[in-house]
Amino acid sequence: MLPAKPQQSHYDAIIVGSGVAGALVANQLGSAGKKVLILEAGPPAPTNLNEYMKRFYGAWTKVPESPYLPDLFADPTTLNVGRPTVLTLTARAWRDPKQSYLIQKGNLPFGSTYERVGGGTALHWLGTSLRLLPNDFQMGRIYQRFDNWPITYGDLEPWYCRAECELGVSAFSKDQSYHGLTFSKEYPMPGIPRSLVDVAVAKAINGMTVDGVALGDTSVVSTPAARNSQPYQSRRVCAGNTNCIPICPIQAKYDPTITLNAALSTGNVEICYQTVASRLETDANQQVSKIYFRQYDKITSAPLPEESRTATMYIIAANAIETPRLLLMSKSDRTPHGMANSSKQVGKNLMDHPYYVPWGLLPESTRVYPYRGPLSTSGIEDLRDGLFRKKRAAYRIEIGNEGWNFAIGGDPAITTVDFVNGLNISRANKDNEALFGAKLVERLNSIITRQIRLGFLIEQEPEERNCVDVSTDPKSVDHLGLPRPQITYDLSDYTKAGLLAAKKAADEIFDRLGAEQLTREPDPDEPAALDLSDNGKPVRLSYLGAGHIIGTYRMGTDRAKSVVNSDQRSWDHDNLYLIGSGVFPTSATGNPTLTIAALALRTADKIINHDLH
Amino acid sequence: MTEMSRRTLLASVAATAATAAFGTITIPLPASAEPTPGQDLELFVQLSAKLTGIDARKLAPSIDPIGVKSEYFAAAKKAGGATFDSMLRDFKASSTDETIANFLKPDSDTLYLARSIILAWYLGAWYEPKTLKAEVLRAPNAEANKPSAAEASKPSAEPSKPSARRYNLVRCHIISPATYSQGWVWRVAQAHPMGYGNLEFGYWSKEPPPLDAFIKSES
Amino acid sequence: MSRVELLAVKITGVLGIAVLLCCAVPTKSKVGRTGGDDQQPTVGFNPSVHCPDATLADLDKINPSVIPGVTQGIGGLPCDAQAEKSGTDLTARLQHGFDYYSWLTFIALNSPAAGAPLGKDAPTVWEGYKQLPDVMLPAGMKPADWSDPNPPVVPHQCVDSFKKGMMIIHLEMEETYNEPFKSGALFDQNGNYALFVILMNRPMFQYIVNHSLYSRRGQEIFPDEVDFPNGSDGSHKEHPEQTVGAVMVKASWRVLRPGVDFDLNNPKLRPKFHMIDGLLYQPEAPEPCRQVKLGLVGFHVGHKTVTRQQWIWTTFEHHDNVPTQEEVDGGLTKGRQYSFYNPDCAVSDCPINQTPPWPWQPEKLKPAAWDPIKHHSSPFKSQIVRMGPSPVFADDDVGKLNKAFHNRLRGTVWENYDLITTQWPSAPCANNPNPGSLPDATCAPFPTFLANTTLETFSQQDKDTGVPLATSSCISCHNNATTQHRPATRSDFTFILEKAK
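The structure displayed is predicted, hence computed values, not measured ones.

## Structural notes on the overall build of chain A
Piece 1. Within chain A, the regular secondary structure consists of 11 helices and 21 strands.
Piece 2. Computed over the C-alpha atoms, the radius of gyration of chain A is 23 Å, within 12% of the 25 Å expected from 2.2 N^0.38 for a compact globule of 613 residues.
Piece 3. Expressed along its principal axes, the backbone C-alpha trace of chain A runs to roughly 75 × 50 × 50 Å.
Piece 4. Burial status across chain A gives 64% buried among its 613 residues.
Piece 5. Once local pairs closer than 6 in sequence are excluded, the contacts in chain A between residues at least 24 apart make up 72%.

## Comments concerning the interface of chain C and chain A
Piece 1. Facing the 26 residues of chain C at the interface are 25 residues of chain A.
Piece 2. Class assignment for the residues of the side of chain C that touches chain A results in 11 nonpolar, 10 polar and 5 charged.

## A word on the domain arrangement of chain A
Bring the parts together and some accessible area is lost; that lost area is often taken as the interface size.
Residues and elements named next belong to chain A.
Piece 1. Here the domain parsing of chain A yields domain 1 (10-101 + 112-186 + 249-351 + 465-487 + 550-611) and domain 2 (204-223 + 354-458 + 492-542).
Piece 2. For domain 1 versus domain 2, the distance between C-alpha centres works out to 31 Å.
Piece 3. Taken together, the contacts link 18 residues of domain 1 with 20 residues of domain 2.
Piece 4. For the side of domain 1 that touches domain 2, the class distribution of residues is 9 nonpolar, 7 polar and 2 charged.

## Some thoughts on the pairing of strand E14 (residues 395-400) of chain A
Residues and elements named next belong to chain A.
Piece 1. With 6 of its 6 residues buried, E14 lies for the most part within the structure.
Piece 2. The alternating pattern of E14 places Tyr395, Ile397 and Ile399 and Arg396, Glu398 and Gly400 on opposite faces, both of which are buried.
Piece 3. Of the strand pairs in this sheet, strand E13 (residues 378-380) and E14 are connected by 2 bridges, and their pairing is antiparallel. Paired with Ile380 across the strands is Ile397, a residue of E14.

## What to know about the sheet that holds strand E3 (residues 103-104) of chain A
Residue and element names in this part refer to chain A.
Piece 1. Strand order in the open sheet formed by 3 strands is E3-E17-E16, and the pairing between neighbours is mixed. The open sheet has two edge strands with one neighbour each: E3 and strand E16 (467-470).
Piece 2. Pairing geometry for E3 and strand E17 (residues 485-488), over 2 bridges, is parallel. Across the sheet, residue Ile103 finds its bridge partner in E17, namely Gln486.
Piece 3. Packed on one face of the sheet, helix H7 (residues 319-328) meets E16 and E17 and runs near 45 degrees to E16.

Rules and cut-offs
Residues numbered from 1 in each chain as written. Chains lettered and ligands numbered in written order. Predicted model: local features only at pLDDT ≥ 70, side-chain atom pairs only at ≥ 80, totals over all residues. Helix = DSSP H or I, 4+ residues; strand = E, 2+ residues; numbered from the N terminus. Rg over C-alpha atoms; globule rule 2.2 N^0.38 Å. Buried ≥ 20, exposed ≤ 12 C-beta atoms within 10 Å, placed from the backbone. Contact = placed C-beta atoms within 7 Å. Nonpolar A, V, L, I, M, F, W, Y, C, P; charged D, E, K, R; others polar. Domains from an automatic or database assignment. Pairing = 2+ DSSP bridges. Axes fitted to C-alpha atoms, helices over the stretch in contact; angles between N-to-C directions.

Next up, the structure:
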């Protein structure tokens, strides 16, 4: 269907991207009476969830992208709007531009993916809404590692409260007061109850010490989540459908379409879907003067001719790969290195949270009944900070409630096929037994109820060599003819040391659980694999992307070394804001979305009271 | 679309054609596979109960709003043809445990079809019998893949290492959203299909009902 | 077949389910399961009158005075549904029984509050129930006691414009014009909102008052599981009482313009809708209280009974609401006038089942304010098509049932209302008083999906089939309803409790 065209020629603000950051700013501005245009590359969020749920239920592999468009296995060159997907991270696909949307040129694959649809990538987020820790903002000062953020935890704290109300976060502040966190307001909803998996882990880690940090059974903490524990925002309470990623069937989990709809309800916000921002232009005063875009009808049809619109303020909220891509596509005489890039830092310092996921089988005496409740209800936050951060990356531990579903890529189907067909893909069927009838019931019940997995999210060191650029290969374009993002990615020794420490902690936790660890050593050709050394002993492990794309237009105090200031405003262009996790100078160990939201609300406030006053 | 009376609606609720989902193959219901009401379908349910270990009246209650039995019957008939017919015939003649054991003998030509039927009920997905057979043959301990004595004696040989797979999931297609929501493996695990539950806030803090509550019929 | 089979459908043996429903209301109030919650007004009612042993074929021969709901009016509820004598399909027979019961419910609830038989349009029994905003008051204040009928709480701005018998339509509540979970507003072909009201009967109201559930604070300190009173027809030995149980109603209205949409003096424009006097209350509007004529377009009833702990859900629609996809495809819509569909607008100009362009709030509509009286309407007119099963086809079970009841109601506005279907929990666990303890609390709702095109307009199924949890299903969705207790507890299949302040 042909997309609607922007109705006006000039707006108070044009926002690129309708994900969590863009939607929040649009809603704030629209509520303050400002006229806003959102340009969204992808299709609209549908009227109801029928289409998404049907696609999800029917997908034989239920990856995060499975409910959404476009088709998972299309050649990205044929798509007007492509995006990276997890299934193209295999050895055969990750460097093939006909399969992988991202042109990956680095040593290691960048493992995180995103969506380009109305509502953005947070359609399939887990909902984890952690605040970053006070020390996360001050790594340079405290640990002599990395740069300090140009704001402190105290500066951001009131905005965290605002963000928690906007998203609807469930937690008790008394449970979250570790590592110096303070709360000026209680969370809007009570915490999500813990699962039986959480209880088992808490018991097991009692008395464990990691790098001088003592863990107790209170170390397993309920994870603050944008997931209703009360009726909130006219949405239902979580019913434990165990499907947060990729989609909550009852919208108990917050997703940005909620804020997007609120923004549209102000009557001051217009959104154009299937509208891809292609470049920005400046005037002689280095003000952004125009934004160009291309619209398309179908994902593979010929795009419409380029058009442009103007605004008083421009806000790019297109995630930390598509935003630098847009800036770097905006090279001109006035902006020879691309828009907002006199520091030459645009695209640099790409980070993720390398994600280590071990899994195992608990002993017969420990049934934890996974596949129940949200995908994760608790984590271990004690190891996110400490003196060890001078030497190695910190990490957060996430406890999984979904058995081996994520860990082995599709359980319980894999284990079921194993025990019916006499295979051992899950490695839980060592004797390749093929069962049926009551024996099959008993065996599957025994195994599945004892499945457990953990997740370790490692802080990644910011390095300039890890970067996003635009591909110069004429074959690596999308169907609009725009150059696709080119990624160079690797992990530093600091980060790898964190991964190694995580693995050792995992091994000890599984030991204490009495579990048989089944974490598999990666295949020889696995691209996302690391060969580490633990005091001379070789350790080979694989990592995943956590879905966190961070750092590529960092905020700072020095315009020579950063892209935006602490308000997320471009140093080079007064009327340009770049928002989202691309501004984070460091990745810390907390999931980024709540911080994205807090910063977005803070920026919106600035725009309303200062720029558009 | 032909006029639908409520009666045909009730029957056809169960006979809904497989939903086309991207990355999957649709099984349209051929006219000849239209589920025969009554005997054959009930026979299939009884056979399935023996194969799956779940009570027949749980697989197919007397009042069956969703009615996945017809979808599985159609899939089995399409894939199995004469083999499927002979299974039903043999089971009708003798519905003993021995008959079932014969169906599942390693050399039996019903082996993989029987397994497909079990997996259909457990996962709401159709695994082609030939896919299941190919998987067995490529498995490291399969006769066809066993290294020779000379090879096995080499120190570097690792016969137990699984061959590199692209994905751990064996190729299948979900028959329909309804069949996914009715998969039995989740109930056998005392849980619910991911993405489909009819439970209440906080249930995950408590132990689930016992296994029998999930798989045994109420009298 | 023996007479026994023709009485209350009672399936013993394998299933042990009884299709039941409440029957004769006793002259003295009876104590129900929850103790004193379901006091009935005394009405001349003979508890020994049973439903006729009627089947569909016999319906034409029934004397209307014998159907209790028709003659008794207030408090009456239909007695047990009858399954068809013939027909081998158990599910079809049970469905028919529930559908028959739904029609009798419709008649009983829409009977005149004053006690006459259903016929000439008059204020109904259910309009005397308590409306949601009169129970969930600001600051969690205790609602006024039940009286018969219940006058609404009149906002102070409306004291002069309010007349007895008016239904106050609370436009300051988003639920009045925005469908559940903010799924969309619905505009008729005049550009006026469909307006939604939620009401509860006396036993349900009394339970809320007795347990102080009308305030958030009251719910926070309520230690038990919410368990609304059960209806019972007295035919089970464990439940010998005959009592109505909890009934909740959700209705949708259209604004009707006198002289244009109906004219009492013009036989060509005689009313085709059940009509009431409504008072639109919109505190932000220049005129906060405006009198309008409203016509009933959609009617939901939820009824809790001892053997159906997931409640029994039925829905009716006005015949002229929308076409089905088959009617559209078959060119059968030409020349017809629908409330929510324009047959002359092509699909490319009027894509179907789309939500209106934002914003939807009345104070935000362009032109500046929505005013159905001064005809400042929304420029948007909803183009709605029914996607699910339809009552339209004459030889369908529901079609036949509708035709038979319409024959009894010929010449009244009530012949224009169609039963869509009845959703009921079909698994044996439906009589378990603790659905939350079950592996699946919904106990196999049949049919799986159900939507009223005026109340669940935008979560209807797609053309082919419904999608679990995404497509509208009364029981599945209401199963997710909770209280405001911390932690959230089940609210017994109603979203009413979460509206307490």
